[in-house]
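# Descriptive analysis of the structure
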Amino acid sequence: MSVKIGYARTSTTDQIAGFEDQQSQLLGAGVGPDQLFKEQTSGLSARPQLEAAIKAARPGETLVVTKLDRLARSVKDLLAIVERLEAKGVALRILDFGGSAVDTKGPTGKLLLTLVGAIAEFERAMMLERQRAGIAAAKAAGKFKGRAPTARKQAPAILERKAKGEKPIEIARALGISRASVFRVLKVAAASH
């Protein structure tokens, strides 16, 4: 039986349940706790734990992820990751690939992965195009307000809690916002003084 290396990722630290669920699924799929690489970072940011997982994988082993979007940000990115893994003799297994698992050990899995990745990228581009058209129509009608800046609305509460000596992580948890948002508000406040 080949060794399975697991990789779990969420985009933000707020996604606790999803992060824990990914880890649970990977452990259930045969990934050992010491072979589980995990991080909470945007897919657009550097992903040091993904790099560590790829580096740790040896020929004949399998890198396992729960879903495609936890691994790659685009078809180009996906194919580059698969190419790197193949060059090392490492397979990729996606546990939930449209309802069933897919494995790149065989040609059918590789084909399916490429096709579905291309369709997902096309679907995302179409969704963004529709979103831009909707925003343009709402602006033309004078109805577009944009997303409400939730952390900025809570700036007074953030500054008050900080003045009382609370740590940024405590403030973030108490107010239901990200730690990065707390730091952003504190940085703006410090710059204005």
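Scroll up to find the structure this text is about.
The numbers attached to residues start from 1 for each chain and follow its sequence in the written order. Local features in this predicted model are restricted to residues whose pLDDT is 70 or higher, and side-chain atom pairs enter the listing and the counts only when it is 80 or higher, whereas totals over whole chains, interfaces and linings include all residues. As a convention, hydrogens and water are excluded, and side-chain values are obtained from all of the structure's heavy atoms.

Here the focus is the overall build of the chain. Assigned secondary structure in the chain consists of eight helices and five strands. Atoms counted for the radius of gyration: C-alpha only. Globule rule: 2.2 Å times the number of residues to the power 0.38. Against the compact-globule benchmark of 16 Å for 193 residues, the chain has a radius of gyration of 21 Å, which places it well outside the compact range. Overall, the C-alpha framework of the chain stretches about 60 × 45 × 25 Å when taken along its three principal axes. Burial status across the chain gives 33% buried among its 193 residues. We call two residues contacting when some pair of their heavy atoms lies within 4.5 Å. For the chain, contacts bridging at least 24 residues in sequence account for 61% of all contacts bridging at least 6. For the chain, the computed accessible surface area is about 11900 Å², with 58% contributed by carbon and sulfur atoms. Two residue types count as positive, namely Lys and Arg, and two as negative, namely Asp and Glu; His and chain ends fall outside the count. One atom stands in for each charge, and that atom is NZ of Lys, CZ of Arg, CG of Asp or CD of Glu. Taking the average location of the 32 positive side-chain charges in the chain and that of its 19 negative ones, the two points are 7 Å from each other. For the purposes of this entry, the term helix denotes a DSSP run of H or I that reaches at least four residues, the term strand denotes a run of E that reaches at least two, and both are numbered from the N terminus. Relative accessibility thresholds used throughout: buried, under 20% of the residue-type maximum; exposed, over 50%; partly exposed, between the two (1.4 Å probe, protein chains only). Here, Shrake-Rupley sampling with a 1.4 Å probe gives the accessible areas, and only protein chains in the shown set may cover a residue.

Now for a nonpolar patch on the surface. Together, Leu111, Leu112, Leu115 and Val116 make up an exposed nonpolar region whose accessible area comes to about 330 Å². Among the secondary structure elements, Leu111 is positioned in helix H4 (residues 107-140). The class for Leu111 is exposed, based on a relative accessible area of 53%. Here, patches come from residues exposed beyond 30% relative accessible area and free of salt bridges, joined within 9 Å for like charges and within 5 Å for nonpolar side chains (Val, Leu, Ile, Met, Phe, Trp, Tyr). Salt bridges are counted wherever a side-chain nitrogen of Lys or Arg sits within 4 Å of a carboxyl oxygen of Asp or Glu.

A few words on the environment of Ser24. If you trace the backbone, Ser24 turns up in helix H1 (residues 16-28). For the pair formed by Ser24 and Ala8, sequence separation is 16 residues and the distance between their alpha carbons is 9.8 Å.

What follows concerns the sheet that holds strand S1 (residues 4-10). Sheets are built from strands that pair by backbone hydrogen bonding, the pairs being arranged parallel or antiparallel. If you walk across this open sheet you meet the five strands as S2-S1-S3-S4-S5, and the pairing is mixed. Edge positions in the open sheet fall to strand S2 (36-40) and strand S5 (100-103), since each of these has one partner strand only. On average, each strand axis in the sheet is inclined to that of its neighbour by 20°, with strand direction left out of account. Alignment of S1 against strand S3 (residues 62-65), held across three bridges, turns out to be parallel. Bridged to Ile5 within S3 is Leu63. Two strands qualify as a pair provided DSSP detects at least 2 bridges between them. Note on method: axes are straight lines fitted to C-alpha atoms, helices fitted across the in-contact stretch only, with angles between N-to-C directions ranging 0 to 180 degrees.

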